[in-house]
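Per-entry structural report
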Number of protein chains: 4
Amino acid sequence: MHKVDLAKYNVRSDLIIEHDSSDYIKESYQDSNVKVDYIRLDKKNLLNKKEGDYITISFEDITDSSNFSKVLKVLNKELKRIFTLSKIENDAKCLIIGLGNKKSTPDALGSEVLQNIIVTRHLYEIGDVDFKYRNVAIFEPNVIGNTGIESKDLIFSVIKTIKPDFVITIDSLAALSLDRVQKTIQITNTGIEPGSGIGNARGEISKNTIGIPVIAIGVPTVVSSAVIVNDTLNYLLKKISYHKNNYQKDKLVSKYNINYLKEEKELSALEKREVLGLVGSLSEEEVKELIFEVLNPIGYNLIVTTKEIDYTIREFGKLIGDSLNEILHEKN
Amino acid sequence: MHKVDLAKYNVRSDLIIEHDSSDYIKESYQDSNVKVDYIRLDKKNLLNKKEGDYITISFEDITDSSNFSKVLKVLNKELKRIFTLSKIENDAKCLIIGLGNKKSTPDALGSEVLQNIIVTRHLYEIGDVDFKYRNVAIFEPNVIGNTGIESKDLIFSVIKTIKPDFVITIDSLAALSLDRVQKTIQITNTGIEPGSGIGNARGEISKNTIGIPVIAIGVPTVVSSAVIVNDTLNYLLKKISYHKNNYQKDKLVSKYNINYLKEEKELSALEKREVLGLVGSLSEEEVKELIFEVLNPIGYNLIVTTKEIDYTIREFGKLIGDSLNEILHEKN
Amino acid sequence: MHKVDLAKYNVRSDLIIEHDSSDYIKESYQDSNVKVDYIRLDKKNLLNKKEGDYITISFEDITDSSNFSKVLKVLNKELKRIFTLSKIENDAKCLIIGLGNKKSTPDALGSEVLQNIIVTRHLYEIGDVDFKYRNVAIFEPNVIGNTGIESKDLIFSVIKTIKPDFVITIDSLAALSLDRVQKTIQITNTGIEPGSGIGNARGEISKNTIGIPVIAIGVPTVVSSAVIVNDTLNYLLKKISYHKNNYQKDKLVSKYNINYLKEEKELSALEKREVLGLVGSLSEEEVKELIFEVLNPIGYNLIVTTKEIDYTIREFGKLIGDSLNEILHEKN
Amino acid sequence: MHKVDLAKYNVRSDLIIEHDSSDYIKESYQDSNVKVDYIRLDKKNLLNKKEGDYITISFEDITDSSNFSKVLKVLNKELKRIFTLSKIENDAKCLIIGLGNKKSTPDALGSEVLQNIIVTRHLYEIGDVDFKYRNVAIFEPNVIGNTGIESKDLIFSVIKTIKPDFVITIDSLAALSLDRVQKTIQITNTGIEPGSGIGNARGEISKNTIGIPVIAIGVPTVVSSAVIVNDTLNYLLKKISYHKNNYQKDKLVSKYNINYLKEEKELSALEKREVLGLVGSLSEEEVKELIFEVLNPIGYNLIVTTKEIDYTIREFGKLIGDSLNEILHEKN
């Protein structure tokens, strides 16, 4: 079957770590239970992704205050790394852009972070500033559905107007896997393409197009509905595989420990076919294409998120806000 | 296989119309493209649901202003009907309770409606009121995750304190089918059980427990993730059935017209088995149980909603608020 | 004594009707208890104000629903007038700008109105629009204290980017008199100078500077603290004058009817001096200058508003939003 | 002239330090530029105030981060003191009540603090709690103008329902002097009387009425308009006195240094009379009564606050929230 273009089907992952990127990992480390993967892609990478640095921080629930502190420490360190990689000077003027829609909770990360940023550009303008603070401005373009204006167009025009030395963007992302949702921060310097979702995208915001570094910070807060269906089918296969292979020890396994499923070896093609019939004989791409074909015509633009999303978004707003204030404003 | 208790699996529908209620429909009518089903259940109904009146209003997208007006007209009429059925006097004092969590967009309906209510109880207290207005107070208990207090406990205590003559509650609901989401208003006088989701529920708020009429107005804004998976599997089966039966005319059918799938006749047991293997041989309840077993251990409390939920919630807040103001305050 | 520049002392009125404008009234009328004054200033006007049309609508409390309807009717009529005066075509593309700070209640009018606007520009971009709606976009520049960026700079850059055919701005204003606060709407086509309050203003947003009509809608929501002091001193003088002249009938006058004070004739210079000493011998400008000198060094930027400001702002948001939707989108 | 009851004239101070309390100061100290006055009143105090402990913390602008830290340190210390004085056990269950109106910025302190509180009561209910956290619930009664219900009635009913061991209330206060606004925190254990401002107050929330300790934390965010007028008249007198006494060195004094006025000795009765005429011969109470008589009939309920109130409220929300989290949850 022909190669399936997942993006076309809105089964989109904004996370490099969910693409086939393991060959490009330049450094990995673990600090307490926080994991960091630093990926560097060159121009000729086979992922069809843009050249540059990608840092993925993976962790458990940050609404636990002890986890929060651990992630904050690592985030500070990795933001410093991307600043160095992107050659950002200590006195470079910063514009932070909060993307997304503050009225829709899972999409409100950008807005939430901006609430916590120490803004100083206007004090520089009048010379009334304690110079331990960097020159920082913020901008919230909102979404086209609310304003009638492409966020991209607003961003370009603000950059042209205030001429920062570099840009930081904050956005909610989509993941392919539930395991990543609210448990990952991705930092890149490859630029962004603020999606209107309406009509054709026109250009990206990146060093190539605006001539200054663009650092993007994102947290996956949703998965698409097709992901849920696909994940469920896969878990189904694994669960049935497990039951076949572990009939005897079945009783010993806690019903609520999903980990055994994650580690279970794949079923054979024949077994898959037995369990899921025709569907079991399709490749993962073909399944996703099928799911897309089925769900898309319903005319809904569905998102899947967690019930606690309001609290989580608030905590990520504090985490990233605190980290940016520390990194941006500690000029010595 | 044993009878499956769907509620147990959180594959919950708050809508009477999604239960096997067609035998109990007392009246149905259509006004423009707005449909009304009035169901009356007696004590011995076979649905295991509470005795009383259930009105379901079904419609298309209310963000279209012409639809909005049509639904508003019907909603006014049906609110008057439930007031009459519930024997609410013209000067009965009203307490409106906005359930849910205003910080989580799909759960913010209650809060959004309260924003639009004309409140007068305090003016009655000091005798300074234009008596064309009814005595109306509002209360927003918020959710236990935010306050640490069961919303039910707060509601009971407020009712005891201000002694209204009847109560109206507003809440976001969960549906079993995507077709219902944001396209249905349900009105009942059977009482509510504000779900804490934590621990065991303790009692309901209904005429039985508080001695005054309780009118509940709800709009489905989410479906559970298991619903999505199940819907997809069903559509898959129908799609494949369609392709088998319509091989010749395949090319003529618009890819984005899902309606043909809705009308397709069921596959035979054998065909199902062929397409979905073991899974195809399970009953719908068994599939949902399986999906629940698979998704639940992941430890997520997932909700599925639409991307435009912020705008829709705002419009429903206006619609229901406008209707309540008109019905409550037009005392002659 | 030299002529005092009130603006310098922050004893500012944004209302033409509070300047010495009575000679320039071109038309006045009363519709129910809503009064309209249409002032037209030419280039050589003696008020040192910009050339153009100024419409002042004066009314009583709009939180009364019957007043609300009366004001809405007049507002619709007067917006049509200013559209005609400004030569705005039926299909002219509109950008509405909500000025001010949504987080500070008295300054949130712009933001509140934008909440209620029907936005369509993005639908025009993709050709998916019911053409009874005009092409409308919105923008909220926020204030420099929050963003670090002059609102004026943001506005210029957005206008350059999306090229509307005309601009409407909404803002909270300052009045000189408590009688005007929340009881006046001013509409002009003379442009605005969004005040940063920081450093020197640099240019205005007007037809002169951007080449397209700029219609400004404003509602006074605050007075400066110097106004309160001055008003009090004036009322004091009048009260004492009244008591001197009405000793006999004193007991008959309701203590809470301030109107008698408003109509009382001025005290003589001698009487003023007797009551207020040196202060009584100063001109009004001199008193304001004195008050400014006294209050300003305290280092506070004080505003005086009403306790019910949150409710009033919400109602004005609905009033102006409803009116704009009707005028903008009724294309035939 | 008769003794004036200031409260009657709405020229209200919620701050004990602004009453004639200096004789009752039990301890005063200064930590950096943060000052603490601990006043203890017994039953027979001459201030006509309730028996108990009053702690006043005075400081400069907390939007400066270094001041913020200094005040936080002192606030922690003084909250511990009031806990000890009020005999609150380490495992006593706490209900925190956020008074005021979140939609009106100067009145939003209670709501803002609640946003930052770590709530745990529901976790205790299901036994799922890390026991280093105290049992804490929150409640926001809103104001009667929004809900139609006296906040006092709601508070009594919630306390009866969840039976905490002690209560903490947070509220915006009114001050008599601009110098106090946003520069003072008052902590008491004498109870509160949530003011409806409508009709007659009915009872207080205090240890006397509910049998458990009530700790009230307040920050003055407004002054009444009469205060502004009175302050201005006083400054006027001092300014004129200064000019009389310092004619020679006039030019040397910075126009924006108000401090010289604060220290200037009072004018004689004759001088006052000369400057302000009849008004200059009145006592302070008589002036305030006069101002009240003048301003009150206008029918406005005026408040005076600062332009930056939105930012200040947010910072106090963090300050008090952080302090409460530390004091409440550090159980060992």
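The model shown is predicted, which means the values in this text are computed figures rather than measured ones. (Residues numbered from 1 in each chain as written. Chains lettered and ligands numbered in written order. Predicted model: local features only at pLDDT ≥ 70, side-chain atom pairs only at ≥ 80, totals over all residues. Heavy atoms only, no water.)

The subject of this paragraph is the overall build of chain A. When its secondary structure is counted, chain A shows 11 helices and 9 strands. Counting over 332 residues, chain A shows a buried share of 58%. In chain A, of all internal contacts separated by at least 6 residues, the share reaching a separation of at least 24 is 75%. (Helix = DSSP H or I, 4+ residues; strand = E, 2+ residues; numbered from the N terminus. Buried < 20%, exposed > 50% of the residue type's maximum accessible area, 1.4 Å probe, protein only. Contact = heavy atoms within 4.5 Å.)

Let us now look at the layout of surface pockets. Residue and element names in this part refer to chain D. For the second largest pocket, the calculated volume is near 650 Å³. Along the wall of the second largest pocket there are 25 residues; nearest its centre are Asn230, Asp231, Asn234, Lys238 and Glu284. Elements that contribute at least two residues to the lining of the second largest pocket include exactly helix 7 (225-245), helix 9 (269-280) and helix 10 (284-295). The element that contributes the greatest number of residues to the lining of the second largest pocket is helix 7, accounting for 8 residues. (1 Å grid on protein atoms, 1.4 Å probe; cavity = no way out; pocket = protein on both sides within 12 Å on 5 of 7 lines; lining within 4 Å. Points joined across faces, edges and corners; volume = space filled by probe spheres on them.)

Here the focus is helix 11 (residues 309-329) of chain A. Over its 21 residues, helix 11 of chain A runs 29 Å from end to end, which matches the ideal 30 Å to within 8%, given 1.5 Å per residue. The buried fraction of helix 11 of chain A is high, at 16 of 21 residues. (Expected span 1.5 Å × (residues − 1).)

Further remarks concern the interface of chain A and chain C. Each partner contributes to the interface: chain A provides 27 residues, whereas chain C provides 27 residues. Surface buried jointly by chain A and chain C totals about 2,000 Å² across both partners, of which 64% is contributed by carbon and sulfur atoms. If you list the elements that add at least two residues to the side of chain A that touches chain C, you get helix 3 (121-125), strand 5 (136-139), helix 4 (144-147) and helix 5 (151-162) of chain A. Take the side of chain A that touches chain C: its biggest share by element is 6 residues, from helix 5 of chain A. Per-class residue counts for the side of chain A that touches chain C are 12 nonpolar, 9 polar and 6 charged. (Buried area = accessible area lost by both parts, 1.4 Å probe. Nonpolar A, V, L, I, M, F, W, Y, C, P; charged D, E, K, R; others polar.)

All right, on to the relation of the copies chain A and chain C then. In screw terms, the move from chain A to chain C is a rotation of 180° and a rise of 0.0 Å along the axis, fitting with an RMSD of 0.1 Å. Here the symmetry operator amounts to a two-fold rotation axis. Using C-alpha coordinates, one finds that chain A approaches the rotation axis most closely at A:Ser157, a distance of 2.8 Å. Interface overlap between copies is the fraction of interface residues in one copy that are interface residues in the other; for chain A against chain C it reaches 96%, indicating a shared surface. (Least-squares fit on C-alpha atoms with pLDDT ≥ 70 in both.)

Once that is clear, we can look at the packing of aromatic side chains. Applying the stated criterion across every chain, the model contains 10 aromatic pairs over all chains. Residue placement shows D:Lys77 over the ring face of D:Tyr29; its charged tip is 4.3 Å from the ring centre. (Phe/Tyr/Trp six-rings, centres within 6.5 Å; stacked < 30°, edge-to-face > 60°. Lys NZ or Arg CZ within 6 Å of the ring centre and 35° of its normal.)

Residues and elements named next belong to chain C. As a packed pair, helix 1 (residues 65-85) and helix 11 (residues 309-329) sit with axes 9 Å apart at the nearest point and diverge in direction by 45°. One way to sum up the angle between helix 1 and helix 11 is to call them oblique. In the packing of helix 1 onto helix 11, the handedness of the crossing is right-handed. On helix 11, the residues that touch Phe68, Val71, Leu72, Leu75, Asn76, Leu79, Lys80 and Phe83 of helix 1 are Glu315, Lys318, Leu319, Ile320, Asp322, Ser323, Leu324, Glu326, Ile327 and Leu328. The class makeup of the residues in the contact of helix 1 with helix 11 is 11 nonpolar, 2 polar and 5 charged. (Axes fitted to C-alpha atoms, helices over the stretch in contact; angles between N-to-C directions. Parallel < 35°, antiparallel > 145°, perpendicular 65-115°, else oblique. Left-handed = near helix turned anticlockwise from the far one by under 90°.)

Moving on to the environment of D:Leu123. Relative to the assigned elements, D:Leu123 resides in helix 3 (residues 121-125). For D:Leu123, a relative accessible area of 25% corresponds to the partly exposed category.

In this section: the pairing of strand 1 (residues 25-31) of chain B. All names here are of chain B. Direction of pairing for strand 1 relative to strand 2 (residues 34-41): antiparallel, over a ladder of 6 bridges. In the strand pairing of strand 2, Ile25 is matched with Ile39. The loop that links strand 1 with its antiparallel partner strand 2 comprises 2 residues; one of these, Ser32, has a positive phi angle of about 50°. (Pairing = 2+ DSSP bridges.)

This part takes up a positive patch on the surface. On the surface, A:Lys93, A:Lys160, A:Lys163, C:Lys93, C:Lys160 and C:Lys163 cluster together into a patch of positive charge. With respect to the secondary-structure elements, C:Lys93 resides in the loop between helix 1 and strand 4 (94-98). (Patch = residues over 30% accessible without salt bridge, like charges linked within 9 Å, V, L, I, M, F, W, Y side chains within 5 Å. Areas by Shrake-Rupley, 256 points an atom, 1.4 Å probe, with all protein chains shown as cover. Salt bridge = Lys/Arg side-chain N within 4 Å of Asp/Glu carboxyl O. Lys, Arg positive; Asp, Glu negative; His and termini not counted. Charge placed at Lys NZ, Arg CZ, Asp CG, Glu CD.)

All names here are of chain C. Mapped onto the elements, Gln186 comes out in strand 7 (residues 184-188). With a relative accessible area of 8%, Gln186 lands in the buried category. Considering only alpha carbons, one finds Gln186 and Leu99, 87 residues apart in sequence, at a separation of 15 Å. The contact partners of Gln186, leaving out residues within four places of it in the chain, are Asp14, Leu15, Ile16, Ile17, Ile55, Thr56, Leu173, Ala216, Ile217 and Gly218. A distance of 3.0 Å separates a polar atom in the side chain of Gln186 from the backbone oxygen of Asp14. Separated by 2.8 Å, the side chain of Gln186 and the backbone nitrogen of Ile16 make a polar contact. (Polar contact = N/O pair within 3.5 Å; in protein donor to acceptor, adjacent residues only side chain to side chain.)

The terminal C-alpha atoms of helix 9 (residues 269-280) of chain A, which comprises 12 residues, lie only 8 Å apart, well short of the 16 Å expected from a rise of 1.5 Å per residue. The complete set of buried residues in helix 9 of chain A reads A:Val275, A:Leu276, A:Gly277, A:Val279 and A:Gly280.

A separate point is the pattern of salt bridges. Residue and element names in this part refer to chain B. Per the counting criterion, the structure on display carries 40 salt bridges over all chains. Its salt-bridge partner being Lys183, residue Glu60 comes within 3.8 Å of it at the nearest N-O pair. One end of the pair, Glu60, is in the loop between strand 3 (52-58) and helix 1 (65-85); the other, Lys183, is in the loop between strand 6 (166-175) and strand 7 (184-188), with 123 residues separating them in the sequence. For Glu60, a relative accessible area of 42% translates into the label partly exposed.

Another point: unusual backbone geometry. Residue and element names in this part refer to chain A. You will see that Gln182, though not glycine, has its phi angle at about 65°, which is positive. By secondary structure assignment, the location of Gln182 is in the loop between strand 6 (166-175) and strand 7 (184-188). What makes Gln182 buried here is its relative accessible area of 10%.

Attention shifts here to the pairing of strand 5 (residues 136-139) of chain B. Residue and element names in this part refer to chain B. Side chains of strand 5 alternate between two faces, with Val136 and Ile138 and Ala137 and Phe139 buried alike. Direction of pairing for strand 4 (residues 94-98) relative to strand 5: parallel, over a ladder of 4 bridges. The residue bridging Cys94 from the neighbouring strand is Val136, located in strand 5.

All names here are of chain A. Of the residues in chain A, 81% have a pLDDT of 70 or more, and the chain-wide mean is 83. Here residues 196-201 scores under 50 on pLDDT; set against residues more than four positions off or in separate chains, the count is 9 contacts. Across residues 247-258, where pLDDT falls below 50, the model places 11 contacts with residues more than four positions away in sequence or in other chains. (pLDDT = per-residue confidence, 0-100.)

Time to look at the packing of helix 5 of chain A against helix 5 (residues 151-162) of chain C. Interhelical geometry of helix 5 of chain A versus helix 5 of chain C gives an angle of 130° and a closest axis separation of 9 Å. With respect to helix 5 of chain C, the element helix 5 of chain A is oriented oblique. Like other packed secondary-structure pairs, helix 5 of chain A and helix 5 of chain C cross with a definite hand, here right-handed. Together, A:Asp153, A:Leu154, A:Ser157, A:Val158 and A:Thr161 of helix 5 of chain A and C:Asp153, C:Leu154, C:Ser157, C:Val158 and C:Thr161 of helix 5 of chain C make up the contact between the two elements. Of the residues contributing to the contact of helix 5 of chain A with helix 5 of chain C, the split by class is 4 nonpolar, 4 polar and 2 charged.

All names here are of chain D. The topology assignment puts Ile210 in helix 6 (residues 207-210). For the pair Ile210 and Leu233, spaced 23 residues apart in sequence, the C-alpha separation works out to 44 Å. With residues near it in sequence (within four places) discarded, Ile210 still touches Phe156, Ile159, Val167 and Ile205.

This part covers the side chain of C:Gln182. Here the side chain of C:Gln182 touches C:Thr306 through a polar contact of 3.1 Å, side chain to side chain. Excluding residues within four positions of it along the chain, C:Gln182 makes contact with C:Phe59, C:Val219, C:Pro220, C:Thr221, C:Thr305, C:Thr306, C:Ile309, C:Thr312 and C:Phe316.

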